[in-house]
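Inside the fold
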Amino acid sequence: MAGPRPRVAIVGAGPAGAFAASALRRCAGDVEIDLLERLPTPWGLLRGGVAPDHQDIKRLQDTFDRQTLRHGCRFLGNVEVGVDISHAELMRHYAAVIYATGAQTDKSLGIAGEDLPGSWAATEFVAWYNGHPDYRDLQFDLSAKRVVVIGNGNVAADVIRMLTLSPRALERTDIADHALEALRASAVEEVVVLGRRGPAQAAFTSAELRELGHLEGVDLRVRAEELELDPVSQDWLADHGTFTARTNVELLREFAARAPREGAARRIELRFLRSPVQIRGSGRVEAVDIRRNEIVRADDGALRARAVDEPVEPIACGLVLRSVGYRAVPLPDVPFDERSFVLPNERGRVLTPDGAPLPGVYAVGWIKRGPTGILGTNKRDAEETVACLADDLATAALTPPASPDRAQIDALLAERVPDVVTVEGWRAIDGLERERGRDGQRPRVKLASRGELLSAAAATASSAAS
Ligand SMILES: Cc1cc2nc3c(=O)[nH]c(=O)nc-3n(C[C@H](O)[C@H](O)[C@H](O)COP(=O)(O)OP(=O)(O)OC[C@H]3O[C@@H](n4cnc5c(N)ncnc54)[C@H](O)[C@@H]3O)c2cc1C
Ligand SMILES: NC(=O)c1ccc[n+]([C@@H]2O[C@H](COP(=O)([O-])OP(=O)(O)OC[C@H]3O[C@@H](n4cnc5c(N)ncnc54)[C@H](OP(=O)(O)O)[C@@H]3O)[C@@H](O)[C@H]2O)c1
């Protein structure tokens, strides 16, 4: 595209948005990049998802900072695309828009009792303990002795650790203060985890599963009879089983063979081939009825769980966390695939309903490929999208925007969102949080309400102006 430097908007400053900005810097030449983010803080699930006891992973924020905000990308926080500014308006101001909005809600189970008080999506629990401002006021009742977690992926592993680790193990982390206080008073002694398929199909990665078996003061139990592989799983593991699946099965066998840890304050029980049928209780969760499944090979070759016609088994509990996956939500006026819950796309180029590329519109991360994959997966994924965008810029395939000047978008945003958080505002939040953490030898103490975050950001803006 001839003329001034093309300007690209990235919507969502999570890992995928950060990787996309960094890739754009490297391979799309001289472009201006704005990261628009609905929260006052950047880094998406790296800040609001990754568990507080995994601080080494959170350090990726320093790399993101160096490769984006310290490398000429602008941060425009507290701006929600689709609410504060429309897709059409973005297209008037930018040569290209990359959607990196992740998966903002949870997948539902569709069983009776799912909405009873005491039944929560793991997405909510995770956001609450990580200090996401929209979830700060949730009240989790941790007075019951037994919790049931549905699903056995890595998010389930995170919430299981948060429920069973001693408060001592969490008090040097960046867990939100309100969550630390509630977990200190927790009466939870046992977490029962339901995997609908067998041990060979558990969705945990092996490092996360191994960690569950070695938590201080926690006994991990697995029933040997639930580890016996059915013939379908045995064949699958022998012929096509991944390294992770084989390692997981070995680890689970080791755990099942261990003697119970005497005197452990808390206990995790991993159940397999068990699905919830309904969540019960009068006025709030009192039990989950589960049924046994068997593994069958479906027509598409996938191994699925099929209910066995047997009486249900009740598990009494006071809290249920449904950890069965995240789900993306549509953005107004942007195509959305209602079956796969992603922006329909080819290698990151967003497609119209008739399958043609929508010029200038791209997707990265969980909104592009669905809610799976670790942080690093988003790097390769962003590189694919950015390669398409760079090609489209180089071949002049993009229509120049009607209002390309930075001043015009800044004026529009200032009118719509008086408290846009810029990079200086974010640095003020970051500085204050780190400072608050210093005395307690914590990486940071999070400001967990939008009000606190915005006043911290504004304090610097006004001191810079005076
Ligand atoms: C609980 C949990 C723990 C995890 N732990 C690990 C881990 O330990 N290690 C690991 O490798 N991977 C981990 N992952 C996976 C990793 O977090 C994801 O792969 C990654 O965050 C996906 O990046 P994303 O940018 O697509 O989505 P997100 O991280 O969700 O970022 C999306 C961003 O877009 C913003 N946004 C949404 N809508 C709008 C809008 N309309 N306007 C403006 N902004 C918007 C959101 O506020 C958010 O900041 C974890 C995932 C979860 C759910
Ligand atoms: N430490 C880390 O690296 C880390 C931490 C957290 C998250 N992550 C990543 O983030 C991504 C999302 O994690 P996730 O745990 O949300 O998703 P996930 O890995 O897809 O696990 C979802 C779990 O829910 C189960 N499930 C789905 N629908 C169900 C239903 N209707 N009934 C019962 N069970 C059901 C799945 O079983 P089936 O397998 O039978 O479908 C699976 O056990 C993953 O790629 C994960 O690796 C990584």
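Residues numbered from 1 in each chain as written. Chains lettered and ligands numbered in written order. Predicted model: local features only at pLDDT ≥ 70, side-chain atom pairs only at ≥ 80, totals over all residues. Heavy atoms only, no water.

Here's the deal with the overall build of the protein chain
Spelled out, the test is: Helix and strand assignments follow DSSP, with helices taken as H or I runs no shorter than four residues and strands as E runs no shorter than two, numbered in order from the N terminus. We compute the radius of gyration over the C-alpha atoms and compare it with the globule rule, which gives 2.2 Å times the number of residues raised to the power 0.38. Whether a residue is buried, partly exposed or exposed follows from its accessible area with a 1.4 Å probe, protein chains only, as a fraction of its type maximum: under 20%, in between, or over 50%, in that order. Throughout, a residue-residue contact means that at least one pair of heavy atoms, one from each residue, lies within 4.5 Å. Using a 1.4 Å probe, accessible areas were evaluated by the Shrake-Rupley method; residue-level cover was limited to the displayed protein chains.
Along its length, the protein chain carries 18 helices and 19 strands. Relative to the compact-globule value of 23 Å for 466 residues, the protein chain shows a C-alpha radius of gyration of 24 Å, a close match. By principal-axis analysis of the C-alpha atoms, the protein chain measures approximately 70 × 55 × 40 Å. When each of the 466 residues of the protein chain is scored for burial, the buried share is 54%. Of the contacts made within the protein chain by residues no fewer than 6 positions apart, 76% connect residues no fewer than 24 positions apart. For the protein chain, the accessible area works out to roughly 20,500 Å², and carbon and sulfur atoms hold 50% of it.

Structural notes on the site of ligand 2
Which entries qualify depends on this criterion: Summary of the distance rule: residues count as near a molecule or strand when at least one heavy atom falls within 4 Å of that molecule or strand. For the purposes of these results, a polar contact is taken to be a pair of N or O atoms within 3.5 Å, where, inside protein, one atom must be able to donate a hydrogen and its partner to accept one; residues adjacent in sequence count only when each atom of the pair is a side-chain atom. For this scheme, ten residues count as nonpolar: Ala, Val, Leu, Ile, Met, Phe, Trp, Tyr, Cys and Pro. Four count as charged, namely Asp, Glu, Lys and Arg, and the remainder, Gly too, count as polar. A domain assignment, automatic or from a database, supplies the domain bounds used here.
Around ligand 2 sit 20 residues, and of these K107, R196, R197, E208 and G373 come closest. Side-chain polar atom of K107 to a nitrogen atom of ligand 2: 2.8 Å apart, as the coordinates give it. R197 places a side-chain nitrogen or oxygen 2.7 Å from an oxygen atom of ligand 2. Out of a free accessible area of 910 Å², ligand 2 has 80% covered by protein chains. Element by element, the count of residues in the shell around ligand 2 is highest for helix α7 (residues 154-164), at three residues. Here the residues of the shell around ligand 2 sort into seven nonpolar, eight polar and five charged. The residues that make up the shell around ligand 2 include at least three from each of domain 1 (7-104 + 328-421) and domain 2 (106-326).

As for the sheet that holds strand β7 (residues 146-150)
The condition is simple: In this analysis, strands are considered paired if DSSP registers two or more bridges between them. As a rule, the C-alpha atoms of each element are fitted with a line to give its axis, helices using only the stretch in contact, and angles between N-to-C directions run from 0 to 180 degrees.
Strand order across the open sheet formed by six strands is β6-β15-β7-β8-β10-β9, with parallel pairing between neighbours. Looking at which strands have only one partner, the edges of the open sheet turn out to be β6 (119-121) and β9 (218-222). Direction aside, neighbouring strands of the sheet carry axes that sit 20° apart on average. With four bridges joining them, β7 and strand β15 (residues 319-322) adopt parallel strand pairing. In the strand pairing of β15, V147 is matched with L319. Most of the contacts of helix α6 (residues 122-129) go to β6, to which it runs at about 75°, and overall it touches β6 and β15.

Re the packing of aromatic side chains
As a reminder, the rule being used: Here a pair means two rings of Phe, Tyr or Trp (six-membered ring of Trp) with centres within 6.5 Å. Their orientation is stacked below 30 degrees between planes, edge-to-face above 60, and tilted elsewhere.
Tallied over the entire structure, the rule returns nine aromatic pairs. Note on W43 and F64: the rings are 5.5 Å apart at their centroids and 40° apart in plane angle, and the pair reads as tilted. Of this pair, W43 sits in the loop between β2 (32-37) and α2 (44-48) while F64 sits in helix α4 (residues 60-67), and the two are 21 residues apart along the sequence. Judged by its relative accessible area of 2%, W43 is buried.

Observations regarding the site of ligand 1
Near ligand 1 you find 31 residues, and of these A16, E37, L45, G373 and L375 are the closest. Between L45 and ligand 1, the recorded distance is 2.9 Å, taken from a backbone N or O atom to an oxygen atom. For ligand 1, whose unbound accessible area comes to 1,000 Å², protein coverage reaches 92%. Elements with a contribution of two residues or more to the shell around ligand 1: α1 (15-27), β2, α2 and α7. Residue assignment places the shell around ligand 1 across two domains, with domain 1 (7-104 + 328-421) and domain 2 (106-326) each supplying three or more.

A few points about the environment of T205
Positionally, T205 belongs in the loop between β8 (190-194) and α10 (206-212). Between the C-alpha atoms of T205 and V420, which are 215 residues apart in sequence, the distance is 39 Å. The residues touching T205, leaving out its near neighbours within four places in the chain, are N154, T244 and N248. A polar contact of 3.0 Å, which involves the side chain of T205, links it to the side chain of N154.

Quick notes on the side chain of S206
On the secondary structure map, S206 appears in helix α10. Here T244 takes part through its backbone oxygen, which lies 3.5 Å from a polar atom of the side chain of S206. Setting aside chain neighbours within four positions, we find S206 in contact with T244, T247, N248 and L251.

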